[in-house]
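# Structural characterization, general
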Amino acid sequence: RGFARIGALPGVLRTRSLGMVGAADLGTGRYGGRAGWAVYDEALTRGAYLRPLGDTVYITPPLNIGDADLELLLDVLFEATRAAAPR
């Protein structure tokens, strides 16, 4: 559900997840892009450390993350993506 919400944001090409790993492709979806890094920078200001790779940003929370902390992480990803994703 959290990634479906992120996938509806302008500038997000697609989202995907497998187990506890989730990813959002931004901008052009290129490996050499900078959109993922822009979201990473925004997330850092909000207290979360994400994994950018070109125009893609990943989350890889620990398997034992609590529901409240997972919701907080997804909220940070949503807000950072909304603020930094290319339109």
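In case you missed it, the structure is sitting above this.
A quick note: this is a predicted structure, and the numbers were derived from the prediction, not measured.

## Some details on the overall build of the protein chain
Of regular secondary structure, the protein chain possesses three helices and four strands. Secondary structure of the protein chain in N-to-C order comes out as α-β-β-α-β-β-α. Compactness check: the protein chain gives a C-alpha radius of gyration of 12 Å against a globular reference of 12 Å for 87 residues, within 12% of the reference. Once the C-alpha set of the protein chain is aligned to its principal axes, its extents read approximately 35 × 25 × 20 Å.

## Some words on the sheet that holds strand β3 (residues 51–53)
Pairing between sheet strands relies on hydrogen bonds along the backbone, with the strands arranged either parallel or antiparallel. With respect to topology, four strands assemble into an open sheet ordered β1-β2-β4-β3, the strand pairing being antiparallel. A single partner strand is all that each edge strand has here, and the edge strands are β1 (12–18) and β3. Taken over all neighbouring pairs, the strand axes of this sheet differ in orientation by 20° on average, direction set aside. Bridge count between β3 and strand β4 (residues 56–59): three bridges; the pairing is antiparallel. The partner of L53 across the bridge, within β4, is T56. With respect to the sheet, helix α3 (residues 67–84) is in contact with β1, β2 (21–26) and β4, its orientation differing from that of β4 by roughly 165°.

## Describing the pairing of β2
A large share of β2 lies buried, amounting to five of its six residues. As judged from the six bridges shared by β1 and β2, these two strands associate in the antiparallel manner. Looking at the pairing, S17 lines up with G22 of β2. Where β1 folds back onto β2 in an antiparallel hairpin, the turn is made up of two residues, including G19, whose phi is positive at roughly 65°. Sheet topology places β2 next to β4; four bridges connect them, and they run antiparallel. Bridged to D25 within β4 is T56.

Cut-off values and rules
Residues numbered from 1 in each chain as written. Predicted model: local features only at pLDDT ≥ 70, side-chain atom pairs only at ≥ 80, totals over all residues. Heavy atoms only, no water. Helix = DSSP H or I, 4+ residues; strand = E, 2+ residues; numbered from the N terminus. Rg over C-alpha atoms; globule rule 2.2 N^0.38 Å. Pairing = 2+ DSSP bridges. Axes fitted to C-alpha atoms, helices over the stretch in contact; angles between N-to-C directions. Contact = heavy atoms within 4.5 Å. Buried < 20%, exposed > 50% of the residue type's maximum accessible area, 1.4 Å probe, protein only.

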